[in-house]
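Take a look at the letters that make up each chain.
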2 protein chains.
Amino acid sequence: MTKRATVADVAALAKVSSATVSNVISNRLGKVSAKTRLRVLDAISVLNYTYNETAAALRSNKSNIIGLVIHDLSNPYYTELIAKINRKLAKKGYATILACSDENLESQQGYLHLMKRHNALAVLLCPTWDTTSEHLDAWRDLSPTITFLRPTGSHDSDFIGIDNYQAAYDITSRLVRDGHTQIAFIGGSQSSRLRRQRLQGWKDAHEDAALRWDETHILYCASSMSAGIKATRELFKRDQNVTALVCYQDIVAFGAMNALHFLGKKVGEEIAVTGFDGLSDAEGWLPSLTTAEVQIEVLAEHIVDRLLLRLEKPDDPPNVTLLHAHIHWRNSSLYGGFE
Amino acid sequence: MTKRATVADVAALAKVSSATVSNVISNRLGKVSAKTRLRVLDAISVLNYTYNETAAALRSNKSNIIGLVIHDLSNPYYTELIAKINRKLAKKGYATILACSDENLESQQGYLHLMKRHNALAVLLCPTWDTTSEHLDAWRDLSPTITFLRPTGSHDSDFIGIDNYQAAYDITSRLVRDGHTQIAFIGGSQSSRLRRQRLQGWKDAHEDAALRWDETHILYCASSMSAGIKATRELFKRDQNVTALVCYQDIVAFGAMNALHFLGKKVGEEIAVTGFDGLSDAEGWLPSLTTAEVQIEVLAEHIVDRLLLRLEKPDDPPNVTLLHAHIHWRNSSLYGGFE
DNA sequence: TTGTACGCGTTATCAG
DNA sequence: CTGATAACGCGTACAA
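As a starting point, this report considers the structure included with it. (Residues numbered from 1 in each chain as written. Chains lettered and ligands numbered in written order. Predicted model: local features only at pLDDT ≥ 70, side-chain atom pairs only at ≥ 80, totals over all residues. Heavy atoms only, no water.)

Attention now goes to the pattern of salt bridges. A complete count under the given rule lists 18 salt bridges over all chains for this structure. The shortest N-O distance in the salt bridge between Glu53(A) and Arg117(B) comes to 2.7 Å. Placement of Glu53(A) in helix α4 (residues 53-60) and of Arg117(B) in helix α6 (residues 105-117) is noted, with the two residues assigned to different chains. For Glu53(A), a relative accessible area of 8% translates into the label buried. Arg117(B) sits in the partly exposed class, given a relative accessible area of 24%. (Salt bridge = Lys/Arg side-chain N within 4 Å of Asp/Glu carboxyl O. Helix = DSSP H or I, 4+ residues; strand = E, 2+ residues; numbered from the N terminus. Buried < 20%, exposed > 50% of the residue type's maximum accessible area, 1.4 Å probe, protein only.)

All names here are of chain A. This model, assessed by the stated rule, comprises 10 aromatic pairs over all chains. Taking 6.4 Å as the distance between ring centres and 85° as the angle between the ring planes, the aromatic pair formed by tyrosine 77 and tyrosine 78 counts as edge-to-face. Take tyrosine 77: its relative accessible area is 3%, and that puts it in the buried class. Take tyrosine 78: its relative accessible area is 9%, and that puts it in the buried class. Three or more aromatic residues joined by ring pairs make a cluster, and in this case those are Phe185, Trp202 and Trp213. A cation over a ring is seen here: arginine 150 above tryptophan 129, with NZ or CZ 3.5 Å from the ring centre. (Phe/Tyr/Trp six-rings, centres within 6.5 Å; stacked < 30°, edge-to-face > 60°. Lys NZ or Arg CZ within 6 Å of the ring centre and 35° of its normal.)

Side-chain direction in a regular strand flips from residue to residue, so the side chains alternate between the two faces of the sheet. Residue and element names in this part refer to chain A. Within strand β1 (residues 65-70), six of the six residues are buried, which leaves it mostly tucked inside the rest of the structure. Burial along β1 is two-sided: the residues Ile65, Gly67 and Val69 and Ile66, Leu68 and Ile70 are all buried. Read as a crossover between parallel neighbours, the route from β1 over helix α5 (residues 76-91) to strand β2 (residues 95-100) is right-handed. Here β1 pairs with strand β3 (residues 122-125) via four bridges, running parallel. (Right-handed = clockwise from strand over helix to strand, strands pointing away. Pairing = 2+ DSSP bridges.)

A few words on the relation of the copies chain B and chain A. Between chain B and chain A, the superposition needs a rotation of 179° and an axial shift of 0.0 Å, giving an RMSD of 0.2 Å. These values place the two chain copies in the arrangement generated by a two-fold rotation axis. No C-alpha of chain B lies nearer the rotation axis than that of Ile97(B), which sits 2.2 Å from it. An overlap of 98% is found between the interface residues of chain B and their copies at the interface of chain A, pointing to a shared contact surface. (Least-squares fit on C-alpha atoms with pLDDT ≥ 70 in both. Contact = heavy atoms within 4.5 Å.)

Here it is in structure tokens:
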């Protein structure tokens, strides 16, 4: 546990001032001659000097810490997203403080407070369902907040999301055109705005095709494969005539397909299943799963780009971006099997 | 973007010195009278004062940041673990800087450096396969490093892991006793020490039962359901006579079960499948999956406890803890179906 | 019980 | 191009 070298130590060894060392460290071009620069770099490596972010942050009142607050870490879509955001930020030299609110508003607010204490440069937030615009006001003034995936109702912050309504509408319409009349909607939690958007697409697709939808075909369930299994079994207890399942998420669809195997229904032949998310497992599954995808990579890119833009121009008006999902039609919803 | 209040501002409003404010904030009992305490707290709320961790960290040379470096964020076992560790640390007042090395040593070392720059109080590390004890030496002297799940060969750091050998041995032995003679081992990557431990358990269980194991029954695959599907199909291309699959992870087992459905084999009747991890989906799956579990909660508890202990006593000798897995025998490996 | 004064390691400012 | 010096906001002896 030897004490670590400081700028002053480096300066002394290189026989320059601490200001010069600082200039070298920050790569301020033209502020320091090539020769002294080398001398300083040499001293840095001799002393095994490590930059102290803490001191720099205090002095410049600007940390390089980005807060990342999310409601759930059990859904692979979110964790892959986090991984990608994390990597992109790291490449830009930012560190990420992670927090998981577990769908608990109080906990989320606590974490936002933590970010403030740490002087987070910005906060990326995927909020709990009960988060309103007002809940964010307390933080927005200090550091920019960028919300993603889950709308908070009013948009005073930047928001990057997915056009869920359209994707659900498109999927359902296509199923109707393929001849399905008994189409179920499975998954999501009751209070979810996102679910409401997808469900509305499902409903409108019915109505625009002059088809009645049935309340008993709508089921809630948690975000897990086993919840999808349970919901699917429940669905077929209610009604044996369903021929298509529009699932709220891929993991729910995986569960549904597992349950359908068990119920003796051949997915892609006797019954269609669709998902949402575009997980990489969807393609390799048997049969391959039809799903609405916004590539996680693309989403992460948008989020990080928006963040960087916002850091440059803090006072620009908030931006709302809705990404269009691409629907991969695969074997789980084969056309023509349902005439 | 109004400037935030400082201790000095609070002191001025409460008509006390900054030292008194500091004492109130840090809850140093007996150092300040109840009356002034209230005055200070009042001023804090009036000014909407927020504690500045950065300044505190610089002054005391002790951050409250814990670095969490992990190799993979796509496996639910790890993400659930992270979520739990994160929550426990937050409860103790620590913030977590997350980094994902993506199985890349260079990237991992970069992140460890980042942690050092941020003066991390400690680092929790689930290392890449090619990490050796020497790779950690550079960081260990500065802040304690606690490794988990993946052994690094030599143990100069604290380590919390799972007794993989024993669990795999127990599972395989039981399958042998149930009458299986053609037992495959699926999953894991070639260089994985952890996989070697589990595989050794599988091999030794064969040998102790005077049973030959077959090299063609051993397959590598990535950590995903679709990789499990591919590997299982490959296995049955090689040999139709396998009656049991010992999978390296639950997600691989889920994939295997999906593939087996497709191949027309009834899991739990004609063929046995076992997993590793004890994911919550294992129980709800159809049929329910036999799996070796070390409860994530328990593991997280051990890791955090070890961390806290280490912070208290930095100079105690490193501790290695191996947790014993509990095997849940479920329908996917029903006894008696293979006579 | 309260106040004063200084230092943590860096960066910004300005003068040379 | 380089150097001296003063901040940043908080913690902690030590003095009162």
